[in-house]
Amino acid sequence: FCSVLWSLFVCQVMYKAPEPMGEHFFAESFDRGTMDGWVLSRAKKDDADEEIAKYDGKWAVEEMKDSKLPGDMGLVLKSRAKHHAISSLLLRPFTFEDKPLIVQYEVNFQSGIDCGGAYVKLLTQTPDLDLNQFVDKTSYTIMFGPDKCGEDYKLHFIFRHKNPKTGEFEEKHAKKPDADLRTYYTDKKTHLYTLVLNPDNSFEVLVDQTVVNSGNLLTDMTPPVNPPAEIEDPDDHKPEDWDERAKIQDPDAVKPEDWDEDAPAQIADEDAVKPDGWLDDEPEYIGDPEAAKPEDWDEDMDGEWEAPQIPNPACETAPGCGVWKRPMIDNPNYKGKWKPPMIDNPNYQGVWKPRKIPNPAFFEDLHPFKMTPFSAVGLELWSMTSDIFFDNFFITNDRNTADRWANDGWGLKKAAEGAAEVGSGSHIGLKGTEDLKIQNSEWERRWNVNVFIVCMRVCVTAQSGLSDADRPGRVTFTKLEKFSHVFRNRFNTKC
Ligand SMILES: [Ca+2]
């Protein structure tokens, strides 16, 4: 029993690196603790100031700052305000044929993220691809992943489409996800980013195995993969006599004879009567009788002194003072300037538009999934915040294989981080949130049970090792095995 307890204690810090199972083109857990297989760019950026032109940002393979899984290493972007570029060749180039592409990796913004990217580039297989010279201009087939600056939260999915007519490449951007992405950048938890491209041109972008964006390469990219079949003729110009006036003044209308254009808009109200008590002889304002001429007033210099004007106190109780005037009212006979009425223009030709002509640049590519093969995965990033943690890169053409890798890597990490606490998915406002919560709880439970089972096995191994030559030792093994079996059944787990 004591050894079981001891094993439990030891096993709480055990970690098992994920192993790729099934067909894959790239799998990297960094758990060997080295950057073997990764190439640091030694290039310089063309269009940058000298002091920041070099790709000299630092990378390290290390555990997360507050790792809950000792031994679980990742690739960490270590420098602020520097260009970083690192890449690694795939096991073999990925060619787009009749199977999907699934790209998956984890990001943890350990120190938050002010302004910086954490996206991957899948580098196009070209004869001159040199990972030592990986720069921003290096050809990529797909760019995918999070990017944030200020309050602009992005989750890129961009692919470079080859124009079948000209052979030139053009970036096609997926529409912005509807989901609120902020949590993924701010909660300092490890999030799993997955891109799924299918041979039928459909795509999905997932975070933590929940779809946040989806669509079709033919209909949901900007600019569209295929240009319009017709365009407006740039050589067509509006004729000078083109009549775009929908309404005109009636040329046959005549001003009625009784139309008086001179009648004023307002007239004095002849029905008005001067109110009783109106003081015709009292002015509205009088000189202030209490005012006195200042002693230093010089009539030669200042002119004749006059008392300042104040409202006439005699008017305070009267309806008015001074000359009474009739109030003005609207003139019922007012007509104003005569204008002919508007009628439909019999010569109206509509709003002019240039004529349509066949688009000389037109082409139709119905299989944009068949992108240019890629042979390396790279991170080419600038960030104002360091400590971006990357882990468990995986590229495959089999969804189940990707899910298994995710379960063994991100799933374990998620459970260990305690992120199963309903958390990360609960405020992203997505349909799958409940599923995610259940899944996370399941992970937490399975992780705990797995830890226990591993402990049991360690214990059993120790016991059987001690009793190789002693059959009673086998009895101990059987008891522990039985306990393990019962425990597994109690928790209804397959592990
Ligand atoms: Ca790892």
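Residues numbered from 1 in each chain as written. Predicted model: local features only at pLDDT ≥ 70, side-chain atom pairs only at ≥ 80, totals over all residues.

1. Here we look at the overall build of the chain
Reasoning step 1: Within the chain one finds eight helices and 25 strands.
Reasoning step 2: Partitioning the intrachain contacts of the chain with sequence separation of at least 6 by distance along the chain shows that 77% fall at a separation of at least 24. (Helix = DSSP H or I, 4+ residues; strand = E, 2+ residues; numbered from the N terminus. Contact = placed C-beta atoms within 7 Å.)

2. Digging into the confidence of the model for the chain
Reasoning step 1: For the chain, per-residue confidence averages 85 on the pLDDT scale, and residues scoring 70 or more make up 82% of the total.
Reasoning step 2: Low pLDDT, under 50, characterises residues 458–495; the predicted model gives this stretch 34 contacts beyond four residues in sequence or across chains. (pLDDT = per-residue confidence, 0-100.)

3. A look at helix α5 (residues 399–416)
Reasoning step 1: Compared with the 26 Å implied by 1.5 Å per residue over 18 residues, the 24 Å span of α5 between its first and last C-alpha is a close match.
Reasoning step 2: Among all positions in α5, only Ala402, Trp405, Ala406, Gly409, Trp410, Gly411, Leu412, Lys413, Lys414, Ala415 and Ala416 are buried.
Reasoning step 3: Among the residues trailing α5, Gly418 stands out with phi positive, at a value near 75 degrees. (Expected span 1.5 Å × (residues − 1). Buried ≥ 20, exposed ≤ 12 C-beta atoms within 10 Å, placed from the backbone.)

4. Section: the pairing of strand β10 (residues 152–162)
Reasoning step 1: In this sheet, β10 lies alongside strand β9 (residues 140–149) in antiparallel orientation, the contact comprising eight bridges. Along β10, the bridge assignment pairs Asp147 with Lys154.
Reasoning step 2: Linkage of β9 to β10, two consecutive antiparallel strands, is achieved through a turn of two residues, within which Gly150 is found at a positive phi near 60 degrees.
Reasoning step 3: Relative to strand β11 (residues 169–174), β10 runs antiparallel, the two being bridged by five bridges. By the bridge assignment, Lys162 is partnered in β11 with Phe169.
Reasoning step 4: Two successive antiparallel strands, β10 and β11, enclose a turn made up of six residues, where Gly167 displays a positive phi of approximately 80 degrees. (Pairing = 2+ DSSP bridges.)

5. Let's talk about the environment of Asp130
Reasoning step 1: Following the sequence through the fold, Asp130 ends up in the loop between β8 (120–124) and β9.
Reasoning step 2: Among the residues examined, Asp130 registers 13 C-beta atoms within 10 Å and is labelled partly exposed.
Reasoning step 3: Distance in space between the C-alpha atoms of Asp130 and Val39 is 9.6 Å, their sequence separation being 91 residues.

6. Observations concerning the pairing of strand β12 (residues 191–197)
Reasoning step 1: The element β12 is largely enclosed, with a buried count of six among its seven residues.
Reasoning step 2: Pairing between strand β6 (residues 101–109) and β12: seven bridges, direction antiparallel. Residue pairing in the sheet places Gln104 in a bridge with Thr194 of β12.
Reasoning step 3: In terms of strand pairing, β12 meets strand β13 (residues 202–207) through five bridges, oriented antiparallel. Following the sheet pairing, Leu197 is matched in β13 by Phe203.

7. Comments concerning the environment of Leu129
Reasoning step 1: The residue Leu129 is located in the loop between β8 and β9 in this model.
Reasoning step 2: The class for Leu129 is partly exposed, based on 18 C-beta atoms found within 10 Å.

8. What about the environment of Val351?
Reasoning step 1: In this structure, Val351 sits in the loop between β22 (342–344) and β23 (356–358).
Reasoning step 2: For Val351, a count of 9 C-beta atoms within 10 Å puts it in the exposed group.
Reasoning step 3: Along the primary structure Val351 and Arg245 are separated by 106 residues, whereas in three dimensions their C-alpha atoms are 8.7 Å apart.

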